[in-house]
Structures are given as structure tokens and as C-alpha cells.
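Residue-level listing of the chains:
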Amino acid sequence: TEVTSEPTSVPTRAATGEPTGAPVAAPVPITAAPTVPPMTDSPTVPPATAAPTDKPTQCMTGIQSRSSCYERGADIEISFSNCDPQDDDWVGLYSASEDFSNLPNPPIWSWACGTRNCRDAVNSMRMPLNEMHASNNAWPLREGTYVVILARNSAQPYTAFAVSSEFTIQDTC
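This report concerns the structure included in the present document.

Parameters and conventions
Residues numbered from 1 in each chain as written. Predicted model: local features only at pLDDT ≥ 70, side-chain atom pairs only at ≥ 80, totals over all residues. Heavy atoms only, no water. 1 Å grid on protein atoms, 1.4 Å probe; cavity = no way out; pocket = protein on both sides within 12 Å on 5 of 7 lines; lining within 4 Å. Points joined across faces, edges and corners; volume = space filled by probe spheres on them. Helix = DSSP H or I, 4+ residues; strand = E, 2+ residues; numbered from the N terminus. Core = buried A, V, L, I, M, F, W, Y, C linked by side-chain atoms within 4.5 Å. Buried < 20%, exposed > 50% of the residue type's maximum accessible area, 1.4 Å probe, protein only. Contact = heavy atoms within 4.5 Å. Salt bridge = Lys/Arg side-chain N within 4 Å of Asp/Glu carboxyl O.

Comments concerning the layout of surface pockets
A volume near 220 Å³ is recorded for the second largest pocket. Of the residues forming the lining of the second largest pocket, the biggest block, three residues, is contributed by strand S4 (residues 89-95).

Below, the structure is given as C-alpha cells:
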């Protein structure tokens, strides 16, 4: 057998003079040497990232009248936001002197979806309250100070979980 004086840097396909201890796979072609990134004089700094944005806004349940005064017989424009809507949520109109933790049936009310016929869970709504939502002889409203409330259809007496600011009903605003 022929012996080389120095090992070669690249494997050869020529047989070695002695058998190996285990079978070997077919020769695999040689790939290029791995690349090495260039050296720098000092550590690199990652690019700056944008400052974080404000925290996401949190949902706030609330209800409001769109005006501070309505003339008798005019639609009462309301809007609300409900963070935990359910299909038995409703809005009602009450005198501002009511106890909002012990409410009777309201003279004017609607399911949160906008009528007395629907029963859908609603996150937010803008709607009028008017004679369509009134109980017998409740429309037009008498002059006075009122609020609108957002409540859940539970056993009476009801508890408001959102109450608007006060507004007035007058002959002339």
C-alpha cells in the first residue's frame, strides 16, 4: 500500500489501503467553505425601535342624552356604549329624582337594539326614544328633569348600570 507523507486538505476518492470498521455512505460532494461575517472594530448596536404607543383604550359603559333640553313631543336622542352587552339589556327614561338602584318599570323604554321587538346584544347604539317606546299615556312627556339609564332585565326592582346626565323637557327650549 502506498502511504502519503502528509494528509491532504481535500478528501480523495482513492481507496485507502485498509478497510474501515463500518460501511460508509456514498461520497458527498464538497461544499464551499463556510462564510465568516466581517470583523468590526466595536460591537454593533441594533437599530432603534419606535416608542411604544399609548395603552389601548378601555371600554367604558355609559349612556347619554344628545341634548340638555328637548321640547315636549320631540324625540329624545340618546346614545350608549355597553362593554358587556347581553340580549336582555334595555334603556329607560326616568325622572331624575328616581332611586337608580330600585327602579320601577319605566314609562318609556326600549331594548338596547332600538325597539320593543328585538332582543339582540348591542355594544353601542344611537337612537331616538319617542311615542313608539312609551307606555299608555306617557307621551308626550310632562315638563321636568329626566335621565336615561341602561339596565339589564332582571327581577324588579331594576338597577341601572349606567345613568345619563340630567336633561329637561320643556314647552320651549
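A short note on the nonpolar core
Side chains that are nonpolar tend, in soluble globular proteins, to be buried together. In this structure, Ile76, Leu93 and Leu129 are the most contacted members of the largest nonpolar core, which totals 34 residues. Of all the secondary-structure elements, those providing two or more residues to this core are strand S3 (76-81), S4, strand S5 (108-111), strand S6 (124-129), strand S7 (144-152), strand S8 (160-163) and strand S9 (167-170). Considering every element that reaches this core, the biggest residue donor is S7, with six residues. Discounting residues that sit within four places of it in the chain, isoleucine 76 has contacts with Tyr70, Leu93, Met127, Pro128, Leu129, Trp139, Leu141, Phe167 and Ile169.

Points about the pattern of salt bridges
The final tally for this structure, using the stated rule, is two salt bridges. Of the charged contacts, one joins arginine 152 and aspartate 88 as a salt bridge, the two residues approaching to 3.9 Å between their closest N and O atoms. Here aspartate 88 lies in the loop between S3 and S4 and arginine 152 lies in strand S7, a separation of 64 residues in the sequence. Arginine 152 sits in the partly exposed class, given a relative accessible area of 21%. We classify aspartate 88 as buried; its relative accessible area is 16%. For the salt bridge of arginine 152 with aspartate 89, the shortest nitrogen-to-oxygen distance reads 2.5 Å.

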